[in-house]
Amino acid sequence: MAIKTTHLVNALIYYHLQEYDSARHLIQDLEKNNFARQRIAPEKGLRRSTLGETLNHRGSEQLLYIFKELYEKAAEVIPKKYEELGELIAIDGTLIDAVMTMYWADYSKTKKG
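So, a few notes on the structure that sits alongside this text. (Residues numbered from 1 in each chain as written. Predicted model: local features only at pLDDT ≥ 70, side-chain atom pairs only at ≥ 80, totals over all residues. Heavy atoms only, no water.)

1. Here we look at helix 1 (residues 5–18)
Which entries qualify depends on this criterion: Only runs of H or I of at least four residues qualify as helices and only runs of E of at least two qualify as strands under DSSP, and these elements are numbered from the N terminus. Take the residue count of a helix, subtract one, and multiply by 1.5 Å to get its expected span. Relative accessible area decides the class of each residue, using a 1.4 Å probe on protein chains only: under 20% of the type maximum gives buried, over 50% gives exposed, and in between gives partly exposed.
Here helix 1 contains 14 residues, and its C-alpha end-to-end distance of 20 Å stays within 8% of the 20 Å for a straight helix at 1.5 Å per residue. Here helix 1 has its buried residues at Leu-8, Val-9, Ala-11, Leu-12, Tyr-14 and Tyr-15. Just downstream of helix 1 lies Glu-19, where phi reads positive at about 55 degrees.

2. Focus on a nonpolar patch on the surface
Worth spelling out the cut-off: The patch calculation keeps residues exceeding 30% relative accessible area without a salt bridge and links them within 9 Å when they carry like charges or within 5 Å when they are nonpolar (Val, Leu, Ile, Met, Phe, Trp, Tyr). Computed with a 1.4 Å probe, the accessible areas rest on the Shrake-Rupley method; for each residue, only the protein chains presented here act as cover. Salt bridge criterion: a side-chain nitrogen from Lys or Arg within 4 Å of a carboxyl oxygen from Asp or Glu.
Residues Val-77, Ile-78, Tyr-82 and Leu-85 make up a contiguous nonpolar surface patch of roughly 380 Å² in combined accessible area. Along the chain, Val-77 turns up in helix 5 (residues 60–81).

3. Considerations on unusual backbone geometry
The phi angle at Glu-19 is positive, at roughly 55 degrees, despite the residue not being glycine. Relative to the assigned elements, Glu-19 resides in the loop between helix 1 and helix 2 (23–32). A residue is classified by how much of its surface remains accessible, and Glu-19, at 66% relative accessible area, is exposed.

4. Structural notes on the environment of Arg-24
Secondary-structure assignment places Arg-24 in helix 2. For Arg-24, a relative accessible area of 45% translates into the label partly exposed. Separated by 23 residues in the primary sequence, Arg-24 and Arg-47 have C-alpha atoms spaced 9.1 Å apart.

5. Some details on the packing of aromatic side chains
To be explicit about the condition: Here a Phe, Tyr or Trp ring, Trp counted by its six-membered ring, pairs with any other such ring whose centre lies within 6.5 Å, and the pair is stacked when the planes are under 30 degrees apart, edge-to-face when over 60, and tilted otherwise.
This structure, assessed with the given rule, holds four aromatic pairs. Ring centres of Tyr-15 and Tyr-20 lie 6.1 Å apart, and the angle between their planes is 45 degrees; this geometry places the pair in the tilted category. Aromatic pair Phe-67 and Tyr-71: ring centres 6.3 Å apart, planes at 25 degrees, arrangement stacked. With a gap of four residues between them, Phe-67 and Tyr-71 both fall in helix 5, about one helical turn apart. Its relative accessible area of 42% is what places Phe-67 among the partly exposed residues. For Tyr-71, a relative accessible area of 42% puts it in the partly exposed group. One aromatic cluster is present, built from ring pairs that chain together Tyr-14, Tyr-15, Tyr-20 and Phe-35.

6. Notes on the nonpolar core
Put simply, the test is: Residue types Ala, Val, Leu, Ile, Met, Phe, Trp, Tyr and Cys, when buried and joined through side-chain atoms within 4.5 Å, form a set referred to as a nonpolar core. Residue contacts are defined here by distance: any two heavy atoms, one from each residue, within 4.5 Å place the two residues in contact.
Counting residues in hydrophobic clusters, the biggest one holds 15 residues, and the most contacted among them are Tyr-14, Leu-26, Leu-30, Ile-40, Leu-46 and Leu-51. Within the residue set of this core, elements represented by two or more residues are helix 1 and helix 2. Counting residues per element, this core draws most heavily on helix 1, at five residues. Once residues within four sequence positions are removed from consideration, Ile-40 is found in contact with His-7, Asn-10, Ala-11, Tyr-14, Leu-30 and Phe-35.

7. Digging into the environment of Leu-46
Residue placement: Leu-46 occurs in the loop between helix 3 (34–39) and helix 4 (48–57). It is 9.6 Å that separates the C-alpha atoms of Leu-46 and Gln-28, two residues lying 18 residues apart in sequence.

Set out below in structure tokens:
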């Protein structure tokens, strides 16, 4: 079963907004949550293997497109309204977790990090 790009993008956005830990949590929600099932999932549902295979072939290109579109809209408003904050920089949210791990590894002299 192929996933349409709109379903994939909606599922990825929903995944990040809900802050799931895994694709399994996303799939469970798409099966049990009425909103997610009706608005996010394809009509026939979504299996984890299908999602994984689709993400291996698509995903980053579509997310990059969405990011660029959102960036352009944000760049029109944010710098003017909040100019005193400086340059607008976007980071992947996983960087925050990685920095904490790296800090712990560097701080902890008794453990190999």
